[in-house]
Amino acid sequence: MIGSFLIALVPSTLKPEINVQRWLQVIATIGIAFFSFIPILLLVLNLDRGNEFVGTLQMVLYTFEVGKAWIFTFLVATILVIFLLFFEDHTNRAYSIGGFILTFLLILGLGWASHASPIEHLNGFITHTTHFTVVTVWIGILLMVSWFSRGFSNWLNFLKWFTPVASACFGITIISGLLLMTFVVDFAAYTDSWMLPYGQLLLIKHLLIIPLLVYAIINGVFIKKKLQNDPSFNPKPWARVESLLVLLIFSVTAALGHQSPPSENTFKNEGPSKLFSYFYQGQSLQVFRVELTINATGLSLLLLAILFIGLTVYAFLKKAPPFITFLLSILFVLSGYLALIWSIK
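Residues numbered from 1 in each chain as written. Predicted model: local features only at pLDDT ≥ 70, side-chain atom pairs only at ≥ 80, totals over all residues. Heavy atoms only, no water.

Caption draft 1: Broad picture of the confidence of the model for the chain. Per-chain confidence: the chain averages 87 in pLDDT, with 94% of residues scoring 70 or above. When the elements of the chain are averaged for pLDDT, helix H7 (residues 116-120) gives the smallest value, 62, and helix H1 (residues 2-8) the largest, 95. (pLDDT = per-residue confidence, 0-100. Helix = DSSP H or I, 4+ residues; strand = E, 2+ residues; numbered from the N terminus.)

Caption draft 2: Expanded view of a nonpolar patch on the surface. On the surface, Phe-34, Phe-35, Ile-38, Leu-42, Leu-45, Phe-53 and Val-54 cluster together into a nonpolar patch covering about 660 Å² of accessible area. Of all the elements in the fold, those that place two or more residues in the nonpolar patch are helix H2 (22-35), helix H3 (38-48) and helix H4 (53-63). Of note, Phe-34 is situated in helix H2. (Patch = residues over 30% accessible without salt bridge, like charges linked within 9 Å, V, L, I, M, F, W, Y side chains within 5 Å. Areas by Shrake-Rupley, 256 points an atom, 1.4 Å probe, with all protein chains shown as cover. Salt bridge = Lys/Arg side-chain N within 4 Å of Asp/Glu carboxyl O.)

Caption draft 3: Spatial organisation of unusual backbone geometry. A positive phi is found at Asn-154, a non-glycine position, where the angle reads about 65 degrees. Judged by relative accessible area, which is 32%, Asn-154 ranks as partly exposed. Backbone geometry at Lys-319 places phi at a positive 65 degrees, although glycine is not the residue there. Note on placement: Lys-319 falls in the loop between helix H14 (296-317) and helix H15 (322-341). (Buried < 20%, exposed > 50% of the residue type's maximum accessible area, 1.4 Å probe, protein only.)

Caption draft 4: Quick peek at the side chain of Thr-103. Secondary-structure assignment places Thr-103 in helix H6 (residues 93-112). Separated by 2.7 Å, the side chain of Thr-103 and the backbone oxygen of Gly-99 make a polar contact. In this view, Thr-103 contacts Met-1, Ile-2, Phe-5 and Leu-80; residues no more than four positions away in its chain are not counted. (Polar contact = N/O pair within 3.5 Å; in protein donor to acceptor, adjacent residues only side chain to side chain. Contact = heavy atoms within 4.5 Å.)

Caption draft 5: How the structure looks around the packing of aromatic side chains. This structure, assessed with the given rule, holds 17 aromatic pairs. Look at Trp-161 and Phe-162: their rings are 6.0 Å apart centre to centre, the planes differ by 85 degrees, and that puts the pair in the edge-to-face class. The residues Trp-161 and Phe-162 share a single accessibility class, namely buried. One aromatic cluster is present, formed by Phe-5, Phe-83, Phe-87 and Tyr-95 through successive ring pairs. Directly above the ring of Phe-233 sits Lys-226, whose terminal nitrogen or CZ lies 5.8 Å from the centroid. (Phe/Tyr/Trp six-rings, centres within 6.5 Å; stacked < 30°, edge-to-face > 60°. Lys NZ or Arg CZ within 6 Å of the ring centre and 35° of its normal.)

Caption draft 6: Seen up close, the packing of helix H9 (residues 155-184) against helix H10 (residues 197-229). Contact geometry of H9 with H10 gives a least axis separation of 11 Å together with a crossing angle of 165 degrees. Relative to H10, H9 is oriented roughly antiparallel. H9 and H10 meet at a crossing whose hand is left-handed. Within the contact between the two elements, H9 uses Trp-155, Leu-156, Leu-159, Thr-163, Phe-170, Ile-174, Met-181 and Val-184 and H10 uses Tyr-198, Leu-202, His-206, Ile-209, Leu-213, Asn-219, Gly-220, Ile-223, Lys-224, Leu-227 and Gln-228. Residues that form the contact of H9 with H10 fall into these classes: 13 nonpolar, 5 polar and 1 charged. (Axes fitted to C-alpha atoms, helices over the stretch in contact; angles between N-to-C directions. Parallel < 35°, antiparallel > 145°, perpendicular 65-115°, else oblique. Left-handed = near helix turned anticlockwise from the far one by under 90°. Nonpolar A, V, L, I, M, F, W, Y, C, P; charged D, E, K, R; others polar.)

Caption draft 7: Quick look at H2. Helix length check: H2 (14 residues) gives 20 Å between terminal C-alpha atoms against 20 Å at 1.5 Å per residue, within 8%. Of the positions making up H2, those classed as buried are Gln-25, Val-26, Thr-29, Gly-31 and Ala-33. Looking at the buried residues of H2, the elements they touch are H1, helix H5 (65-86) and H6. (Expected span 1.5 Å × (residues − 1).)

Caption draft 8: Summary view of the nonpolar core. Core analysis: the largest hydrophobic core is formed by 74 residues, its most contacted members being Trp-138, Ile-141, Phe-158, Phe-162, Ile-223 and Ile-341. Elements supplying a minimum of two residues to this core: H1, helix H8 (122-147), H9, H10, helix H11 (236-256), helix H13 (274-279), H14 and H15. Here this core gets 13 residues from one element, more than from any other, and that element is H10. Of all hydrophobic cores here, the second largest spans 12 residues; its members include Phe-5, Ala-33, Leu-84 and Leu-102. (Core = buried A, V, L, I, M, F, W, Y, C linked by side-chain atoms within 4.5 Å.)

Shown next, in the form of structure tokens:
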């Protein structure tokens, strides 16, 4: 939604032709309201304990911050649906600005309901909102040009302004993401968190960010040079592969939101994650402590991971199909994960 309204504000000479049908925007908006209710429903079912469902639902909606945030989200989403149905005018900048403002209000609702908000209050709300806003700007525009563009005309002109915008968004995302991480994970205990589901997902997310950065460089630098030399080159498949990698990161982030923050008490109450336990079967896992060490297995897998990330760039230069580079990126994450897990002392 952010991407569709922002790209509409860009002059036609600075972007490929893009068509986002109104019904898709309406479905996306309804989806925001519907799917953001799922955590509320899970919370109600957890608290209900056989009591009156409606009463528990009212309690969550009216007394829990996450419930109040969803009411706000539902109301704004309803207004946005009405706005889309009765005021559609893609040629009017005021329409796009109005749609952007309403969608940004939905982001504020998400920041209100985030884990960081109750932990750090205003700082948590601002940090999470900033983090998610820059992600939606960057990835939203990327989704528009990769999946909703007709052809790839003006792609060079598009890259001239989008590359610095994406770079700035990526930098802010990393900084704000690290700040968000400090709200629940002490840097000194980062490796310790790997024993818990939250830490496992966080590690996988961080590993996925590395090939995403590689794709950002490919799409922002290498493809720009490619288009300068060969205007007939189609950059859309590479942008789509980058968006698929982002979808994986979003999926891991969503799973993170349903895990208990890592701590020694969480470890004592819940025990180590099943994935971590799988790699250390038969060993005593009674201490919430992880130390990394250098060994032949871990070092070999680390070198293999570096090879896979290098082959991702090499495959692009040798004109391999985009799917091959995506597969190499997944192999990088797998080998990098195993290298770290099997380097634990």
